[in-house]
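These are the residues of each chain, in order.
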Amino acid sequence: MILCHLKRQSMRNGEFLKVIPNITQKVLTQQLRELEHDEIIHREVFPEIPPRVEYCLTDYGKTLANLTDEMCHWGERHIERQRKAGQKINLLDTQSPFYQKAL
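Residues numbered from 1 in each chain as written. Predicted model: local features only at pLDDT ≥ 70, side-chain atom pairs only at ≥ 80, totals over all residues. Heavy atoms only, no water.

Trainee: Quick question: what am I supposed to make of the state of the cysteines here?
Mentor: Here, the word disulfide means a covalent bond between the sulfur atoms of two cysteines. Counted according to the given criterion, the structure contains one disulfide. Sulfur-sulfur distance for the disulfide between Cys4 and Cys72 comes to 1.6 Å. The sign of the -120° torsion about the S-S bond sets the Cys4-Cys72 disulfide as left-handed. Remark: Cys72 occurs in helix H5 (residues 65-84) and Cys4 occurs in helix H1 (residues 2-8); sequence separation between them is 68 residues. For Cys72, a relative accessible area of 15% corresponds to the buried category. (Disulfide = S-S within 2.5 Å. Helix = DSSP H or I, 4+ residues; strand = E, 2+ residues; numbered from the N terminus. Buried < 20%, exposed > 50% of the residue type's maximum accessible area, 1.4 Å probe, protein only.)

Trainee: So what exactly am I meant to see when it comes to the packing of aromatic side chains here?
Mentor: According to the stated counting rule, one finds one aromatic pair in the structure shown. A cation over an aromatic ring shows up here: Arg52 above the ring of Phe46, its NZ or CZ 3.7 Å from the ring centre. (Phe/Tyr/Trp six-rings, centres within 6.5 Å; stacked < 30°, edge-to-face > 60°. Lys NZ or Arg CZ within 6 Å of the ring centre and 35° of its normal.)

Trainee: How do you make sense of the sheet that holds strand S1 (residues 11-12) when you look at a structure like this?
Mentor: Through backbone hydrogen bonds, the strands of a sheet pair up, either in parallel or in antiparallel fashion. Strand order across the open sheet formed by three strands is S1-S3-S2, with antiparallel pairing between neighbours. The two strands at the open ends of the sheet, each matched to only one other strand, are S1 and strand S2 (41-46). (Pairing = 2+ DSSP bridges.)

Trainee: Teacher, can you tell me more about the pairing of strand S3 (residues 52-57) here?
Mentor: Remark: a regular strand shows side chains that alternate across the two faces of the sheet. On S3, burial follows the alternation: Val53, Tyr55 and Leu57 on one face are buried, whereas Arg52, Glu54 and Cys56 on the facing-out side are not. Sheet topology note: the S1/S3 ladder contains two bridges and is antiparallel. When the sheet's bridge partners are listed, Met11 is paired in S3 with Tyr55. Note that S2 and S3 share six bridges and pair antiparallel. Along S3, the bridge assignment pairs Arg43 with Tyr55. Linkage of S2 to S3, two consecutive antiparallel strands, is achieved through a turn of five residues.

Printed below as a string of structure tokens:
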């Protein structure tokens, strides 16, 4: 899900927490560090007070575009399948500005 969101725009930590349902700060930090270590994403710290940190895909990470497109589409179909089966799926607050940015 992190890669699907980063395909659209760079994002900050708090934005991820708003658009990825049920992710904890610990898991998000772990995943971001792994992706950065693998050079799939870039972490930029801006010299401000308080510091601002943004994440974006690297050129190498962008080579995953076809794969992440397919995974994102699969996830959307899977969610629709679960909803048709009667499961309540709540991804995020559609009134949130982050929802509109993710579209």
